[in-house]
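Breakdown of the fold
One-letter residues, chain by chain:
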Amino acid sequence: EVVARTLNALDDRIAALERELEEIEHEPGHEDCVQVAEADDASPLAHITTLLHNPPKTPESAEDKAARKERKRKIKELKRAQKAASVQPADLFCSVCKVRVNSEQLMHEHRAGRKHRELEVEQRALAENRWCAVCKLEFTSSLQLEEHEKGKRHK
């Protein structure tokens, strides 16, 4: 739920930045840049790159320089937002099983599963020196494990 809200917020911010970029494209002095990007039918990132590498060709006033700086700032923010959106914060990893899932619900279901629970028991018993890796058995104490290893049932 939190992840979904985060992704929605990122999507909203990206949409807002793209709208601002659209407005910037239609400002006087950017016609050449817009035509180049539209002719290539490029992605937003390619379009941004086109805008950065094809600034207006007229001499800049102080206001134009400030506007250009603001456009660059907005473009960088858009790139950061797109990069953040491409990284899936819901990408979850189970270190016990070395399994990756992409939602909280799947992680909950995974942890409730038989294989995960068995591996968890094995790792806990192994850490406490109560696990026979040969027979795949858990014991209540390390002393019990030692007795098992001396016995006939130990393979």
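That block above? That's the structure.
Residues numbered from 1 in each chain as written. Predicted model: local features only at pLDDT ≥ 70, side-chain atom pairs only at ≥ 80, totals over all residues. Heavy atoms only, no water.

On the surface, Lys72, Lys76, Lys79 and Arg80 cluster together into a patch of positive charge. Along the chain, Lys79 falls in helix H4 (residues 62–86). On the accessibility criterion, Lys79 (32% relative accessible area) is partly exposed. (Patch = residues over 30% accessible without salt bridge, like charges linked within 9 Å, V, L, I, M, F, W, Y side chains within 5 Å. Areas by Shrake-Rupley, 256 points an atom, 1.4 Å probe, with all protein chains shown as cover. Salt bridge = Lys/Arg side-chain N within 4 Å of Asp/Glu carboxyl O. Lys, Arg positive; Asp, Glu negative; His and termini not counted. Charge placed at Lys NZ, Arg CZ, Asp CG, Glu CD. Helix = DSSP H or I, 4+ residues; strand = E, 2+ residues; numbered from the N terminus. Buried < 20%, exposed > 50% of the residue type's maximum accessible area, 1.4 Å probe, protein only.)

For the rest of this paragraph, the subject is the packing of helix H5 (residues 104–112) against helix H6 (residues 114–127). Two elements in contact, H5 and H6, have axes whose closest approach is 5 Å; the angle formed by their N-to-C orientations is 60°. Counted together, His110, Arg111 and Ala112 of H5 and Arg114, His116 and Arg117 of H6 form the full contact between these two elements. (Axes fitted to C-alpha atoms, helices over the stretch in contact; angles between N-to-C directions. Contact = heavy atoms within 4.5 Å.)

With that out of the way, let us pick up the pattern of salt bridges. Enumeration over the complete set of coordinates arrives at 5 salt bridges. The shortest N-O distance in the salt bridge between Arg73 and Glu70 comes to 2.4 Å. Of this pair, Arg73 and Glu70 both sit in helix H4, 3 residues apart, which is roughly one turn of that helix. Given a relative accessible area of 39%, Arg73 falls into the partly exposed group. Of the charged contacts in the structure, one is a salt bridge between Glu138 and Arg130, with a shortest N-O distance of 3.1 Å. The partly exposed category is assigned to Glu138, whose relative accessible area is 38%. Taken together, the shared-partner salt bridges connect Glu70, Arg73 and Glu77 into one network.

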